[in-house]
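Listed below, chain by chain, are the residues.
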Amino acid sequence: SIGYTHSHPHAQLAYVESGEFEFTIGSEVKTLVAGDCAYVPPNAEHGAVCRKTGVLLDIFSPIREDFLSGDDDA
């Protein structure tokens, strides 16, 4: 998967549960593996590419309202 370069007003923490991901934050590129995490400041240009199949957990502050379905039964 590819998370194309973008920005948003939320702070973001990305935790790699498994696999390998190449992260770009601004002009810095790092490869992260299981147990690593990356902090993305608000409004920073960033993106990620999955290099080895895995699980990536993203946490946002404040909450990403645009990610909520609006369905209370979900």
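Refer to the preceding data block for the structure.
So, how was this worked out
Residues numbered from 1 in each chain as written. Predicted model: local features only at pLDDT ≥ 70, side-chain atom pairs only at ≥ 80, totals over all residues. Heavy atoms only, no water. Buried < 20%, exposed > 50% of the residue type's maximum accessible area, 1.4 Å probe, protein only. Helix = DSSP H or I, 4+ residues; strand = E, 2+ residues; numbered from the N terminus. Pairing = 2+ DSSP bridges. 1 Å grid on protein atoms, 1.4 Å probe; cavity = no way out; pocket = protein on both sides within 12 Å on 5 of 7 lines; lining within 4 Å. Points joined across faces, edges and corners; volume = space filled by probe spheres on them. Nonpolar A, V, L, I, M, F, W, Y, C, P; charged D, E, K, R; others polar. Contact = heavy atoms within 4.5 Å. Phe/Tyr/Trp six-rings, centres within 6.5 Å; stacked < 30°, edge-to-face > 60°. Lys NZ or Arg CZ within 6 Å of the ring centre and 35° of its normal. Core = buried A, V, L, I, M, F, W, Y, C linked by side-chain atoms within 4.5 Å.

**Student:** Please explain the pairing of strand 4 (residues 37–40) as it appears in this structure.
**Tutor:** Regular strands have side chains that alternate between both faces of the sheet. Only one face of strand 4 is covered, namely the one carrying Ala38 and Val40; the face carrying Cys37 and Tyr39 has none of its residues buried. The pairing of strand 2 (residues 11–25) with strand 4 spans 4 bridges and is classified as antiparallel. Bridging across to strand 4, glutamine 12 finds its partner in valine 40.

**Student:** Would you mind showing me how to read the layout of surface pockets here?
**Tutor:** The method is simple in principle: a probe with the dimensions of a water molecule rolls over the atoms, and the space it marks as empty is what remains. Quantified by volume, the largest pocket comes out at close to 240 Å³. In terms of lining residues, the largest pocket is bounded by 19 residues, among which Ile2, Gly3, Ala48, Leu56 and Asp58 are the most central. Looking at the lining of the largest pocket, the elements that each hand over two or more residues are strand 1 (2–6), strand 2 and strand 5 (46–61). Broken down by element, the lining of the largest pocket gets its largest block of residues, 9 residues, from strand 5. Residues that form the lining of the largest pocket fall into these classes: 9 nonpolar, 8 polar and 2 charged.

**Student:** Explanation requested: the environment of leucine 13 in the structure shown.
**Tutor:** Among the secondary structure elements, leucine 13 is positioned in strand 2. Residue classification places leucine 13 among the partly exposed residues on the basis of a relative accessible area of 34%. A C-alpha to C-alpha distance of 5.7 Å links leucine 13 and alanine 38, two positions 25 residues apart in sequence. Every residue in contact with leucine 13, bar those within four places of it in the chain, is listed here: Cys37, Ala38, Tyr39, Leu57, Asp58 and Ile59.

**Student:** It is not clear to me how the packing of aromatic side chains should be interpreted in this structure. Could you clarify?
**Tutor:** In this description, an aromatic ring pair is defined by two values, namely the gap between the centres and the angle between the planes. Counted under the stated rule, the structure contains 1 aromatic pair. Their ring planes at 85° and their centres at 5.5 Å tell us that phenylalanine 60 and phenylalanine 67 sit as a pair that is edge-to-face. Positioned above the aromatic ring of phenylalanine 60 is the side chain of arginine 64, whose terminal nitrogen or guanidinium carbon lies 5.1 Å from the ring centre.

**Student:** Quick question: what am I supposed to make of the nonpolar core here?
**Tutor:** Nonpolar side chains tend to gather and get buried jointly when the protein is soluble and globular. Core analysis: the largest hydrophobic core is formed by 7 residues, namely Ala14, Val16, Phe21, Phe23, Leu32, Ala38 and Ala48. Per element, the largest residue contribution to this core is 4 residues, and it comes from strand 2. In contact with alanine 14, not counting residues within four places along its chain, are Phe23, Asp36, Cys37, Ala38, Leu56, Leu57 and Asp58.

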